[in-house]
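Structural overview
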Amino acid sequence: MNLQHWRDLMLAAVTPEKVYAILWALFFIIVGLVAANIAAGLTSRLLSRRLSSHQVSFGRRGVYYGILMLFVFSALSELGLNLGVLLGAAGVLSVAIGFASQTSASNLISGLFLVLENPFSVDDWIKVGDTYGVVLSIDLLSTKVRTFDNLQVRIPNETLIKTEVTTLTKFPLRRVDLQLGVAYKEDLEKVRRILMELADGHPRCLEEPGPLFIFKGFGSSSIDLQFSVWTRTENWFDLKNELYLSVKRLFDANDIEIPFPHLSLYTGAVTEPFPVRFAQDGKGAGDEPSEAREPAEEDPAGDEPTQATRRS
Amino acid sequence: MNAPREKLPAGWWGPRQVANGSTCRWHIGGLELQTVPRDTCWEISHRYHAPVGNDEPTDWRVTTAEPTEPLENLERVAFRKPVDTVELLPLLADRPLVSRLTSPLVVPGREKVSIYLNQPLWIGLRFPGSQRPVREFPAIRLSDTWFGADTIHGELCYATLTFGRLHLEELVPRPHRAITPIVISNHSDDDLRLERLSVPVPYLSIFISADAVRWTETLTATHRDPTELVNITISKGIPKEAGRGGRLLAPPRKEAEKGVLSRALGTLFG
């Protein structure tokens with residue numbers, strides 16, 4: 001076959017009707033692109049006042065591709081393609097792809113739900129399982145989170161839909177809960193007064209809602225208390241640290257004991273007394289283990305070896 | 001700091017020249033503010049010597065001296081050329097002030113009362129050539145508070161404690177405070193119990209009367225029904241209680257647009 005033959009074939013195939021149909025199809029596509037762009041822009045402008053940036057982006061894309069698809073179908077129809085067959089083939093194809101990529105499809109659908117439900121936005125602090133971090137982006141398949149030690153964690157959207165997600169920065173206020181313990185001998189009214197004065201004197205503790213002093217119970221080694229103050233969400237972390245430090249300082253200054261777990265050893269009635277070893281001033285008992293002396297030589301208390309005395 | 005003490009009759013605000021390298025220190029309310037010009041740079045430091053909510057002493061003073069150590073919270077402001085003047089501006093708070101009454105006030109049905117609140121001022125620091133203050137400091141360190149129906153819906157404010165004086169002569173004017181008269185009209189048949197008052201100070205101006213007392217506009221709050229919002233209006237100009245001869249000292253931070261104001265002021269009582 002030579003070029004002349006090709007030329008004849010082309011001329012036979014390209015009839016004026018077909019050229020007309022192709023031009024119409026091109027026209028439909030160009031008009032579709034312009035119309036989709038304008039409609040998407042308007043949608044974006046209308047929604048941006050009420051919805052989050054992700055929802056706006058979602059709406060914008062939906063309008064753009066929806067309109068464009070209508071015009072593309074019209075263009076294909078102009079070219080004489082049977083849309084019913086095309087849609088049927090697309091249906092079969094989508095089922096096949098769906099089976100092959102169930103996980104991706106699930107993440108994709110979950111991503112759409114996340115955008116619509118909007119449980120959190122970019123820059124929010126969230127907690128998912130053991131992961132705490134700032135939301136970097138909410139993409140179609142996954143959500144990227146930057147943890148506070150600067151790691152990026154990719155969380156599949158399906159996981160976010162299925163599990164409990166806590167948005168830490170959703171509301172403007174947050175409560176700081178301090179878990180405290182004081183010795184049984186302490187005057188709780190005094191403890192309460194000191195804590196309330198601490199909250200009153202701190203400019204970042206909200207005056208209203210007021211601080212809470214909660215008696216939690218008699219613990220194994222201490223009286224367990226909870227002291228809660230409200231603050232602006234952005235101050236939460238700094239305030240919590242400051243308050244713990246202040247509580248320690250104030251308790252020390254007011255001779256309020258913060259107890260640590262105590263353990264009493266019962267040796268039984270028939271148990272021999274504990275052996276007691278005395279050390280010289282300035283020397284620990286462990287310094288010279290071989291030079292343990294008889295208690296009676298150093299201390300009168302050594303006469304009674306059953307009274308364990310500890311000196312440092 | 002052994003320095004000449006100087007008391008300015010007009011008030012602590014206004015421009016002030018400070019020689020290069022010397023220290024100018026203001027004591028206003030609970031605030032101690034120090035500025036030191038060093039060639040093209042100003043060192044600004046401040047500290048509060050009174051606890052939160054406390055504004056003792058009640059007077060003010062300014063001292064100039066040889067260079068001294070900065071106070072706390074040192075900051076520097078740099079310019080292209082040396083600047084020898086700093087200006088202090090009186091301002092009202094940038095958020096509403098919620099005044100908790102030391103004892104609740106009950107306004108019986110069909111009654112109308114006036115109460116006077118002494119609102120703390122903010123001190124702005126401005127340099128020549130700039131329209132807005134470079135830094136602002138409250139004359140009294142105030143606590144944050146929340147004013148709203150719950151912890152989700154509401155507004156972040158500053159908290160103050162006030163007597164809510166019913167008689168003006170009981171109120172002691174202070175150089176770092178401005179008096180806000182509030183007229184409360186209870187048009188309902190039920191008693192109106194007031195424990196906290198949220199005053200939208202960003203919408204108020206500061207005036208100074210002929211006897212050098214600072215005032216804001218009068219607020220009028222009309223209560224008709226417990227289920228309805230309180231209708232609040234801001235009177236224009238210096239209050240009549242200030243007498244004649246007053247003048248505007250500082251305009252409001254925010255202009256009260258129609259509609260915006262009614263929403264912002266929708267809740268005065270808490």
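Residues numbered from 1 in each chain as written. Chains lettered and ligands numbered in written order. Predicted model: local features only at pLDDT ≥ 70, side-chain atom pairs only at ≥ 80, totals over all residues. Heavy atoms only, no water.

Let us now look at the overall build of chain A. The helix and strand inventory of chain A stands at 9 helices and 8 strands. Surface summary for chain A: the accessible area is close to 20,700 Å², and the carbon and sulfur share equals 60%. (Helix = DSSP H or I, 4+ residues; strand = E, 2+ residues; numbered from the N terminus. Areas by Shrake-Rupley, 256 points an atom, 1.4 Å probe, with all protein chains shown as cover.)

Considering every residue of chain B, the mean pLDDT works out to 84; 88% of them sit at 70 or more. Both scores are available for the predicted complex, with the pTM at 0.72 and the ipTM at 0.81. (pLDDT = per-residue confidence, 0-100.)

Let's shift gears to the interface of chain B and chain A. The partner chain A presents 16 residues to the 14 residues of chain B that form the contact. Interface area lost by chain B to chain A is led by Asp144, Trp146 and Thr151 of chain B, which between them contribute 39%. The tally of links between chain B and chain A comes to 3 salt bridges. Note that Glu208 of chain A and Arg100 of chain B form a salt bridge whose closest N and O atoms lie 2.8 Å from each other. Across the chain B-chain A interface, the total number found is 10 residue pairs in polar contact (both at pLDDT 80 or more). Those elements that provide at least two residues to the side of chain B that touches chain A are strand E13 (143–147) and strand E14 (155–162) of chain B. Tallying contributions element by element places E13 of chain B first for the side of chain B that touches chain A, with 4 residues. Across the side of chain B that touches chain A, the residue classes tally to 6 nonpolar, 3 polar and 5 charged. (Contact = heavy atoms within 4.5 Å. Buried area = accessible area lost by both parts, 1.4 Å probe. Salt bridge = Lys/Arg side-chain N within 4 Å of Asp/Glu carboxyl O. Polar contact = N/O pair within 3.5 Å; in protein donor to acceptor, adjacent residues only side chain to side chain. Nonpolar A, V, L, I, M, F, W, Y, C, P; charged D, E, K, R; others polar.)

Once that is clear, we can look at the nonpolar core. A general feature of soluble globular proteins is that nonpolar side chains tend to end up buried together. Trp12, Trp26, Ile28, Leu33, Ile123, Ile182 and Leu194 of chain B are the most contacted members of the largest nonpolar core, which totals 53 residues. Each of domain 1 (14–90) and domain 2 (93–120 + 142–267) of chain B gives at least three residues to this core. Among all residues touching Leu33 of chain B, those that are not within four sequence positions of it are Cys24, Arg25, Trp26, Ile44, Ser45, His46, Leu71, Ile123, Leu125 and Phe137 of chain B. The next biggest cluster of nonpolar side chains, apart from the first, holds 22 residues, and it includes Leu178, Val182, Met196 and Leu198 of chain A. (Core = buried A, V, L, I, M, F, W, Y, C linked by side-chain atoms within 4.5 Å. Buried < 20%, exposed > 50% of the residue type's maximum accessible area, 1.4 Å probe, protein only. Domains from an automatic or database assignment.)

What follows deals with the pattern of salt bridges. Taken as a whole and judged by the stated rule, the model has 21 salt bridges over all chains. For Arg100 of chain B, the salt bridge is made with Glu207 of chain A, and the minimal N-O distance between the two is 2.5 Å. One end of the pair, Arg100 of chain B, is in strand E9 (residues 97–107); the other, Glu207 of chain A, is in the loop between helix H7 (188–200) and strand E7 (212–218), on a second chain. Taking the relative accessible area as the measure of exposure, Glu207 of chain A reaches 22% and is therefore partly exposed. A salt bridge links Arg47 of chain B to Glu32 of chain B; its shortest N-O distance comes to 3.2 Å. Here Glu32 of chain B lies in strand E4 (residues 31–38) and Arg47 of chain B lies in strand E5 (residues 41–48), a separation of 15 residues in the sequence. With relative accessibility at 6%, the residue Glu32 of chain B sits in the buried group. Members of the salt-bridge network, linked through shared partners, are Glu207 and Glu208 of chain A together with Arg100 and Arg196 of chain B.

With that settled, the discussion passes to the pairing of strand E8 (residues 223–232) of chain A. All names here are of chain A. For E8, a buried count of 8 out of 10 residues is recorded, marking the element as mostly surrounded by other parts of the structure. Where strand E6 (residues 173–182) lies against E8, 10 bridges are found, and the strand directions are antiparallel. What sits directly across from Leu173, in E8, is Arg232. Bridge count between E7 and E8: 6 bridges; the pairing is antiparallel. Looking at the pairing, Phe218 lines up with Ile223 of E8. Connecting the antiparallel pair E7 and E8 is a turn made up of 4 residues. (Pairing = 2+ DSSP bridges.)

Here the focus is the sheet that holds strand E2 (residues 14–17) of chain B. Residue and element names in this part refer to chain B. With respect to topology, 4 strands assemble into an open sheet ordered E2-E8-E11-E12, the strand pairing being antiparallel. The sheet is open, and its two borders are formed by E2 and strand E12 (135–138), each paired with just one other strand. Adjacent strand axes in the sheet meet at a mean angle of 25 degrees when their direction is disregarded. Sheet analysis places strand E8 (residues 85–91) next to strand E11 (residues 122–126), joined by 5 bridges and oriented antiparallel. Directly across from Glu87, in E11, lies its bridge partner Arg126. (Axes fitted to C-alpha atoms, helices over the stretch in contact; angles between N-to-C directions.)

It is worth spelling out the domain arrangement of chain A at this point. Per the domain assignment, the segments of chain A are domain 1 (14–100), domain 2 (118–167) and domain 3 (173–253). Averaged C-alpha coordinates put domain 2 of chain A and domain 3 of chain A at centres separated by 31 Å.

Turning to a nonpolar patch on the surface, a few remarks are in order. Residues and elements named next belong to chain A. A grouping of Val14, Val19, Ile22, Leu23, Leu26, Ile30, Val34, Ile38, Leu42, Leu79 and Leu81 is seen on the molecular surface, where their side chains present a nonpolar patch of about 990 Å² in accessible area. One can find Leu42 in helix H2 (residues 16–47). Leu42 gets classed as partly exposed once you look at its relative accessible area, which sits at 47%. (Patch = residues over 30% accessible without salt bridge, like charges linked within 9 Å, V, L, I, M, F, W, Y side chains within 5 Å.)

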